Amino acid sequence: MEETFANFSKFGDTKSAGKELDNKKFSKLCKDTGIMGKLVTSTDVDICFSKHKPKGGRTITLKEFEAILDDLCVKRFPKKETLDDKKEAIRTLIAGKGPKTAGTTKVSKKGGTERLTDTSKYTGSHKERFGADGKGKGLEGREDIIEDDGYVVGYTNKDTYDQTH
């Protein structure tokens, strides 16, 4: 359970130590782990979060997270007999899980997007920015690299002085 808490608290925040969870990340945790569904709605999750977070605070700690799970387990598992069975069920439901990122960023293939992003059809100076495999050349493809060899740019008889004299 601590691992799941840390995974979601660090998600999308490189500076996070994994000790606190805000409402947005807690809602994501409930959706991704399967707590939220027909029996537990997003409103229920928000109410439980607000009830257990410190007054004036915006985040919860692991201790408060456990208290919220104890509240939500009653609503999520109404058919379980005892409260301990319900608590055990909700903890096994979230055990070892992390945030899901599937489907968050898809490449659009509609309309002219595919045609406009096909690097094999680029011409002129834009074509020089990409290699034969379609990957960008980075800085090399964007800037003119100045050669410090003493010749004027575009001089065609470069390095021929020694041959003629």
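Positions within a chain are numbered from 1, following the residues in the order the chain's sequence is written. Reporting in this predicted model follows two pLDDT cut-offs: at least 70 for local features of residues, and 80 or more for side-chain atom pairs to be given and counted; totals over whole chains, interfaces and linings ignore these cut-offs and use all residues. The side-chain quantities take in all heavy atoms of the structure and omit both hydrogens and water.

Visitor: So what's going on with the overall build of the protein? Residues and values would help.
Guide: Helix and strand definitions here come from DSSP, where helices need a minimum of 4 consecutive H or I residues and strands a minimum of 2 consecutive E residues; each element is numbered from the N-terminal end. Counting secondary structure elements, the protein contains nine helices and two strands. For the protein, the sequential pattern of α-helices and β-strands runs α-β-α-α-β-α-α-α-α-α-α. We compute the radius of gyration over the C-alpha atoms and compare it with the globule rule, which gives 2.2 Å times the number of residues raised to the power 0.38. Over its C-alpha atoms the protein spans a radius of gyration of 29 Å, topping by over 25% the 15 Å that the globule rule assigns to 165 residues. By principal-axis analysis of the C-alpha atoms, the protein measures approximately 100 × 35 × 30 Å. A burial count over the protein gives 22% of its 165 residues as buried. Contacts between residues were defined by any pair of non-hydrogen atoms, one from each residue, lying within 4.5 Å. Contacts in the protein between residues at least 24 apart in sequence constitute 48% of all its contacts with a sequence separation of at least 6. In short, Shrake-Rupley with a 1.4 Å probe defines the accessible areas, and a residue's cover is counted only from the protein chains shown. On the protein, roughly 12400 Å² of surface is accessible, and the fraction owed to carbon and sulfur atoms is 50%. Here Asp and Glu are counted as negative and Lys and Arg as positive; His is not counted, and neither are the chain ends. Where a charge lies is defined by one atom per residue type: Lys uses NZ, Arg uses CZ, Asp uses CG and Glu uses CD. When the 33 basic and 28 acidic side-chain charges of the protein are each reduced to a single mean position, those positions are 10 Å apart. For every residue, the accessible area obtained with a 1.4 Å probe (protein chains only) is divided by the maximum for its type, and the residue is called buried under 20%, exposed over 50%, and partly exposed between those limits.

Visitor: Go over the pattern of salt bridges with me, naming the residues and quoting the values.
Guide: A pair can form between side chains of opposite charge whenever their charged atoms are brought close. For salt bridges, the criterion is a side-chain nitrogen of Lys or Arg within 4 Å of an Asp or Glu carboxyl oxygen. One pass over the full model with this rule turns up five salt bridges. In this structure, the salt-bridge partner of Lys75 is Asp44, at a minimum N-O distance of 3.2 Å. Of this pair, Lys75 sits in helix H4 (residues 62–76) while Asp44 is found in helix H3 (residues 42–52), placing the two residues 31 residues apart along the sequence. Linking Arg91 and Asp70 is a salt bridge whose minimum nitrogen-to-oxygen distance equals 3.1 Å. Of the two residues, Arg91 sits in helix H5 (residues 83–94) while Asp70 sits in helix H4, which places them 21 residues apart along the sequence. A single salt-bridge network, built from bridges that share partners, covers Asp70, Lys87 and Arg91.

Visitor: Just give me the short version of H4, but keep the residues and values in it.
Guide: Taking 1.5 Å of rise per residue, 15 residues should cover 21 Å, and H4 covers 20 Å from first to last C-alpha, within 8% of that figure. Of the surrounding secondary structure, the elements contacted by the buried residues of H4 are helix H1 (2–10), strand S1 (21–22), helix H2 (23–33), H3, strand S2 (59–60) and H5. For a helix, the expected span equals 1.5 Å multiplied by the number of residues minus one.

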